[in-house]
Amino acid sequence: MRDLNSLNRVLLIGRLGGKPERRVLPQSGRPITRFTLATNERLFNKTTRETTDRTEWHKIVVRGNQADFAEKYLTQGQQVCIEGRLRTRSW
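Everything numeric here is computed off the predicted structure, so don't read it as measured data.

1. Thoughts on the environment of Ser28
Turning to its location among the elements, Ser28 is positioned in the loop between strand 2 (21-24) and strand 3 (31-45). One polar contact links the side chain of Ser28 to the main-chain amide nitrogen of Arg30, over a distance of 3.3 Å.

2. A look at the nonpolar core
Generally speaking, soluble globular proteins have nonpolar side chains that are buried together. Judged by nonpolar contacts, Val10, Leu12, Leu16, Phe35, Leu37, Ile60, Val62, Ala67, Ala70, Leu74, Val80 and Ile82 together constitute the single largest core of twelve residues. Sorting the residues of this core by element identifies strand 1 (10-16), strand 3, strand 4 (50-63), helix 1 (65-73) and strand 5 (79-84) as the ones contributing at least two each. For this core, the element with the highest residue contribution is strand 1, accounting for three residues. Leu12 has contacts with Leu37, Thr39, His58, Ile60, Val80, Cys81 and Ile82, leaving out every residue within four places of it along the chain.

3. Side note on the pattern of salt bridges
Overall, the coordinates contain five salt bridges when judged by the stated rule. Here Arg54 and Glu41 are joined by a salt bridge, their closest N and O atoms 2.6 Å apart. Of this pair, Arg54 sits in strand 4 while Glu41 is found in strand 3, placing the two residues 13 residues apart along the sequence. Among the residues examined, Glu41 registers a relative accessible area of 39% and is labelled partly exposed.

4. Thoughts on the environment of Gln78
Structurally, Gln78 can be placed in the loop between helix 1 and strand 5. Overall, the relative accessible area of 29% leaves Gln78 in the partly exposed class. Not counting chain neighbours up to four residues away, the residues in contact with Gln78 comprise Gly14, Arg15, Leu16 and Tyr73. Here Thr75 takes part through its backbone nitrogen, which lies 3.0 Å from a polar atom of the side chain of Gln78.

5. A short note on the pairing of strand 1
With six bridges connecting them, strand 1 and strand 5 associate as antiparallel partners. Pairing of Leu11 across the sheet is with Glu83, part of strand 5. Across two bridges, the pairing between strand 1 and strand 3 is antiparallel. Its bridge partner being in strand 3, Leu16 is matched across the sheet by Leu37.

Reading the values: rules and limits
- Residues numbered from 1 in each chain as written.
- Predicted model: local features only at pLDDT ≥ 70, side-chain atom pairs only at ≥ 80, totals over all residues.
- Heavy atoms only, no water.
- Helix = DSSP H or I, 4+ residues; strand = E, 2+ residues; numbered from the N terminus.
- Polar contact = N/O pair within 3.5 Å; in protein donor to acceptor, adjacent residues only side chain to side chain.
- Core = buried A, V, L, I, M, F, W, Y, C linked by side-chain atoms within 4.5 Å.
- Buried < 20%, exposed > 50% of the residue type's maximum accessible area, 1.4 Å probe, protein only.
- Contact = heavy atoms within 4.5 Å.
- Salt bridge = Lys/Arg side-chain N within 4 Å of Asp/Glu carboxyl O.
- Pairing = 2+ DSSP bridges.

Below is the structure:
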C-alpha cells in the first residue's frame, strides 16, 4: 500500500561538473548517462559581515531517452535544472 503522506521529489539548479558519460547496460541494452552537478549556497556571517560560498556535489544518473538527450546537449559548466527522485545506492 502506498503512503499518501510522503513524497520523494527533488529540484536541483546548478552547473555541470564535467562532460556527461553515456553507457549501455549489458543486460537490457538501455542507455544510461551519468554526470555531476554542483549547487552553491552563499552563507552570511552577521558578526564578521563576511560571505562564504559552500558547494555541494550531486551524482546524477538519467536513463532512456533522457540519457541520449543529456549526452548530446549538455556540456561542462552549463547551468541546468534537474527534477527527479532521490535514491541511495549501496555497494
